[in-house]
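# Observations on chain architecture
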Amino acid sequence: MNERGTGLRSRGEVQDFDKLRAQCRRSGRLFEDPEFPASDCSIFFSRTPPRPFQWKRPHEITDGPRFIRNGASRFDIKQGELGDCWVLAAVASITMSKELFARVVPDDQEIDDDYAGIFHFRFWQYGRWVDVVIDDRLPTYHGQLAFMHSADNHEFWSALLEKAYAKLHGSYEALEGGQAENAMEDFSGGLCERYTLDKAPDNLLQIMLKAHQRHSPMSCAIRVDSAVVKDILPSGLMQGHAYSVTKACMADIETPRVRGKIPMVRVRNPWGNEAEWNGAFSDSSPEWNFIPDGVKKQLGLTVDADGEFWMTFKGFTKHFEILEICNLSPDSLDDDDDSTLAKRWEMSMFEGAWVRGATAGGCRNYIDTFAHNPQYSVQLEDVDEDDEEGKCTVIVALMQKNRRAQNLACLQIGFCIYDLSDSHCVPKPLDVNFFRHNASVAHAPAFINLREVSCRFKLPPGTYCIIPSTFEPNEESEFLIRIFSEKANNMEENDEEVGPGRVVELAPDEEPGHEVQMSRAFLRVAGDNQEVDWHVLKTALDDLLKGEFMFEGFSKDTVRSMIALVDADNSGQLGLEEFKSLWSSIRLWKSVFRRHDRSGSCFLNGFELRSALNESGYHVNSNLLNSLMHRYGDREGRVAFDDFIACAVKMKIYLELFKARDLDGDHRVTFTLDEWMRHGLYS
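Residues numbered from 1 in each chain as written. Predicted model: local features only at pLDDT ≥ 70, side-chain atom pairs only at ≥ 80, totals over all residues. Heavy atoms only, no water.

Quick look at the pairing of strand E13 (residues 322–327) now. Most of E13 sits out of view: 6 of its 6 residues are buried. Bridging between strand E8 (residues 191–196) and E13 involves 6 bridges; their strand directions are antiparallel. Residue pairing in the sheet places Arg194 in a bridge with Glu324 of E13. Bridge count between strand E9 (residues 218–221) and E13: 4 bridges; the pairing is antiparallel. Opposite Cys220, over in E13, you have Leu323 as the bridge partner. (Buried < 20%, exposed > 50% of the residue type's maximum accessible area, 1.4 Å probe, protein only. Helix = DSSP H or I, 4+ residues; strand = E, 2+ residues; numbered from the N terminus. Pairing = 2+ DSSP bridges.)

In structure tokens form, the structure reads like this:
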């Protein structure tokens, strides 16, 4: 609770709702949010508002305002001037689940005598729930709410919820246009699937029925056709508009000639008015004469201009083009509901990143770098209970993080799945040769510039490797990858363990007497005590290596780290034997650097850095490699010679320090804060 947000940008101190409300109540002042001020910049970030908006509190808009009046319902919400129907469709969906609504809209918020003008809402952001605090000042025009509002002018929960979501993304304008699936995930923590209905799987009806049983939010839409002049189609439906799917069921039907069940879908227009479907089973259509009165009552049929209407499943798939289903994660469901518990998904989740020159390998078209993408293995052991083919249902979802909040376009992302069940002794992680000789068994439908790409698969039990990637190499972004399955799955990073490895053999010195020459060179620069400090060592090493590599010389910090590496007596200076030990390591590192710098540019990219560190005896995984590239790489994703040496020195120091403490070899050691600080500052 009360978290700062996604961590993307600094927003000052964390806003603690309970603490802030208590302060306002003690002072008798209504809360004013300094992080989302009542000004034009909170409405639009790219342009001047088209009209003069006024920010007003609920009691300035109407008499007797309430936060929620007579319970929250999907019929409460109405769209305003903002083009965020995708948000309204998601909000309507969560009102149908008390558990989801209570998670997003916390209890104990009301406009009463102890009112402080402060509210808070919770949203799921890339793997965790965050708490967003707002004040109650809302944009109005001519005294009326300008954006989302309730059908009841005295109710304000929907308008305040929209404001909190706008604050999360930086402004109201940031909510202009979007996919309902994104908002449904942010309001539930679930995983969305996107179906193109003219290419839908044969079992789509079963998928929708099961989704409704699981209380999964659903939405649908019709793509914009530029050849169609009017947004409202002859069917009464609108193109480019997000609708909520509020129910999917089998309804009893009786005609003069046949009796049975017909698949039905209930849909709602977030405008909440007379803009509804006008075809079969629309409000007051003659087809309802074939539905028994008891069934109509059970379905909750109403004949109102409320934006909600029924369609047959066949009519739904014919007239709508996109369906989005948000499968709820285990922590989104009610543990006390046995029926829901039996239908819940199993979930695994990992956070990762594509870093330029390191782990941003691009798609399989770029076979030489594809293997450098992050890799994840997943084991599927138990088949679905109702599956006659003996297969496992698995949904893979890849989400790129923080793009909307940074006002950045989404990258084209996707993933491939490889079968490891019949492959013995495959490298870990999978290398270029594996991908040259093995085809994927499944993949994302396409590389597409959406926040999230997901797909449902039916796979035999076994072990699989998932490779998430951008389409082009060297495109940077953080990502979240999630796996949903009907039975338990075991997911882990398909990467090597961080730690020491085998050091490559160093070729003999080409020049005879090299060690003698180095000893004489050391003694020439050493002081009377036959030791050198960091300044003298820097001068000596720069003179020795500038002839071999193009660089400006080692930094003070790098040279001091070199001394810390071999300074056995902690004197801050090196004697002859300590210098020989250091030079032995430097000889290895410069040899490895030269071998991997195939272009002769005096730079390594991240792909080459990993293999160079491996040859130097240091195993790193993708996460550590990303950190090393952020620390030692330049803007082009390159590591210069001196930065490589600095990296190798640090790796050697910390691995040797860890190894000295890891006496039982369980890869766990304990440091006091004082010990770690002293060592970190010294090295």
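Alright, that's what it looks like, and here's the rest.
Backbone-to-backbone hydrogen bonds join strands into a sheet, with any given pair of strands oriented parallel or antiparallel. Strand order across the open sheet formed by 4 strands is E14-E21-E16-E19, with antiparallel pairing between neighbours. Each edge of the sheet is formed by a strand with only one pairing partner; in this case those strands are strand E14 (346–354) and strand E19 (452–459). For this sheet, the mean inter-axis angle between neighbouring strands, taken without regard to orientation, is 15°. Inspection of the sheet shows strand E16 (residues 392–400) paired to strand E21 (residues 477–485) by 7 bridges, in the antiparallel sense. (Axes fitted to C-alpha atoms, helices over the stretch in contact; angles between N-to-C directions.)

A general trend in soluble globular proteins is that nonpolar side chains are found buried together. Counting 58 residues, the largest nonpolar core has Phe121, Phe123, Tyr165, Tyr172 and Phe187 as the members making the most contacts within it. Looking at this core, the elements that each hand over two or more residues are helix H3 (85–94), helix H4 (98–104), strand E3 (118–125), strand E4 (128–135), helix H5 (157–169) and helix H6 (180–188). For Phe121, the residues in contact, after removing those within four places along its chain, are Phe67, Val104, Val105, Pro106, Val130, Asp131, Val132, Ile134, Trp157, Leu160, Leu161 and Ala164. Judged by nonpolar contacts, the second largest core, of 50 residues, contains Leu582, Leu588, Ala612 and Phe644. (Core = buried A, V, L, I, M, F, W, Y, C linked by side-chain atoms within 4.5 Å. Contact = heavy atoms within 4.5 Å.)

So, on to the pattern of salt bridges. Enumeration according to the criterion identifies 41 salt bridges in this entry. With its nearest N and O atoms 4.0 Å apart, the salt bridge here joins Lys391 to Glu389. By relative accessible area, which is 60% here, Glu389 ends up exposed. Of the charged contacts, one joins Glu577 and Lys580 as a salt bridge, the two residues approaching to 3.7 Å between their closest N and O atoms. Taken together, the positions of Glu577 and Lys580, both in helix H16 (residues 576–596) and 3 residues apart, correspond to about one turn of that helix. Salt bridges sharing partners connect three or more residues here, namely Glu185, Asp186, Arg451, Glu452 and Arg482. (Salt bridge = Lys/Arg side-chain N within 4 Å of Asp/Glu carboxyl O.)

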